[in-house]
Amino acid sequence: MEVSETTYSATVLGVVNQKGGVGKSTTAVNLAAALGEFGQKVLLVDLDPQGNATSGFGLNKSQREVCVYNALLGTVGTKEIIEETDSERVFILPATIQLAGAEIELVSALSRETRLKAMVDEVHDEFDFVLIDCPPSLGLLTINALTAAEGLIIPIQCEYYALEGLSKLLDSVRLVKTHLNPSLDVFGVVMTMHDTRTRLAQQVVQEVQDFFGDKMFRTLIPRTVRLSEAPSFGQPVTQYDSSGKGARAYRELAKEVIERV
């Protein structure tokens, strides 16, 4: 990776929800790509052992010798594993299944909750945004993300039980805020898989709006076939279906994110 001559000061945002299947990695990948389109230099940190964000940008996980796991354990430097993506101004710290072992190996490690923060601090002045795609759990990897982030983007699916389990996440946020990261806060909540044809979707949006107030983004991410297909082609939807509803929605979300910063 080439070190930029421009001085940046990254806004560090964790994309988090311990509930799986809510569009977390989809949001991390497509928001990163859309921010890049608007001239922002973005680093996406794939902190999920499933590596969906890594494959979402077309990187082959099985052929990687080093990934974010190695940097967390301190065996390689952060800059050594940053890779360019095919999306302009978007870089990635890739993940492989090796990362699954990090939860266990970090348990006895010194400064185990702040490993990711130290990594982000290394490159903080080279990006406009650092987005962290968190695993769907509240383990040590997610705690690392909460400690490193200034704010959290929480994707919530427009389906029944949407708010179920969020109290545990918000409890974890409060604990990390108290003990490890006083500046942590919810940056925004984004509604995903929105289907305008169902009354339930409208009810869930209203329920989340009542709970989070102005923390909820105005942009609603639609449920579309193209958005679901894009990862299997190793492209963000902004490339795979540039003029489609999904791509337009993530560009609108990127605008809102930039406005809030």
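The written sequence of each chain sets the order in which its residues are numbered from 1. Only residues with pLDDT of at least 70 get local features here, since the model is predicted, and only at 80 or more are side-chain atom pairs given and counted; chain-wide, interface and lining totals rely on the full set of residues. Hydrogens and water are ignored here; the side-chain numbers use all heavy atoms of the structure.

(A) Focus on the pairing of strand S1 (residues 11-15). Note on classification: 1.4 Å probe, protein chains only; a residue is buried when its accessible area is under 20% of the maximum for its type, exposed when over 50%, partly exposed between these limits. Note on conventions: DSSP H or I runs of at least 4 residues are helices, E runs of at least 2 residues are strands, and numbering of each starts at the N terminus. With respect to burial, S1 is a largely interior element, 5 of its 5 residues being buried. By the alternation rule, side chains of S1 split into Thr11, Leu13 and Val15 and Val12 and Gly14, which are all buried. Relative to strand S5 (residues 129-133), S1 runs parallel, the two sharing 5 bridges. Residue pairing for S5: Thr11 is matched across the bridge by Phe129. Criterion used throughout: strands pair if DSSP finds at least two bridges between them. One ladder, built from 3 bridges, connects S1 with strand S6 (residues 151-157); its direction is parallel. Each residue of the ladder has a partner; that of Gly14, found in S6, is Leu152.

(B) Geometry of helix H9 (residues 199-212). If you check H9, its first and last C-alpha atoms are 20 Å apart, about what 14 residues at 1.5 Å a residue would give, namely 20 Å. When H9 is considered as a whole, its buried residues turn out to be Ala201, Val204, Val205, Val208 and Phe212. Along the axis of H9, the buried residues cluster in a sector spanning 100°; they form a single face. Exposed residues on H9 whose side chains face more than 90 degrees from its buried face are Arg199 and Asp210. At its buried positions, H9 is contacted by S6, helix H8 (166-179), strand S7 (185-194) and strand S8 (216-222). A positive backbone phi angle near 60° is found at Gly213, which sits one or two residues after H9. Multiplying 1.5 Å by the residue count of a helix minus one yields the expected span of that helix. Starting at the helix axis, one direction is taken to each C-beta atom, and the arc is that of these directions. By definition, residues are in contact when any of their heavy atoms lie within 4.5 Å.

(C) Spatial organisation of the state of the cysteines. Defined by distance alone, a disulfide is two cysteine sulfur atoms within 2.5 Å. Applying the stated criterion across every chain yields a total of 0 disulfides. Considering cysteine sulfurs only, Cys67 is the nearest to Cys134, which forms no disulfide, with 16 Å between them. With a relative accessible area of 0%, Cys134 lands in the buried category.

(D) Spotlight on the sheet that holds S8. Ordered in space as S3-S4-S2-S5-S1-S6-S7-S8, the 8 strands form an open sheet in which the pairing is mixed. The sheet terminates laterally at strand S3 (83-84) and S8, the two strands that pair on one side only. Its contacts with the sheet put H8 on S6 and S7, and the angle it makes with S6 is roughly 175°. Helix axes use the C-alpha atoms of the stretch in contact, all axes being lines fitted to C-alpha atoms, and the angles between their N-to-C directions lie in the range 0 to 180 degrees.

(E) Main features of the environment of Val204. Mapped onto the elements of the fold, Val204 is located in helix H9. Sequence spacing of Val204 and Ile156 is 48 residues, and the spatial spacing of their C-alpha atoms is 9.4 Å. Those residues in contact with Val204, other than ones at most four positions away along the chain, are Gln157, Cys158, Glu159, Tyr160, Ala162 and Met191.

(F) Looking closely at the pattern of salt bridges. A pairing counts as a salt bridge when a side-chain nitrogen of Lys or Arg comes within 4 Å of a carboxyl oxygen of Asp or Glu. Summed over the entire model, instances satisfying the criterion amount to 16 salt bridges. In this structure, Arg112 and Glu113 form a salt bridge, with 3.3 Å as the shortest nitrogen-oxygen distance. Note on Glu113: relative accessible area 23%, which makes it partly exposed. Note that Asp185 is salt-bridged to Lys215, the shortest N-O span being 3.6 Å. Here the residue Asp185 occupies a position in strand S7, and Lys215 occupies one in the loop between H9 and S8, the gap between them amounting to 30 residues. Accessibility expressed as a relative area gives 39% for Asp185, which makes it partly exposed. Each of Lys24, Asp48 and Asp133 takes part in salt bridges that share partners, so that together they form one network.

Fair warning: the whole summary comes from geometry, so function is off the table for now.
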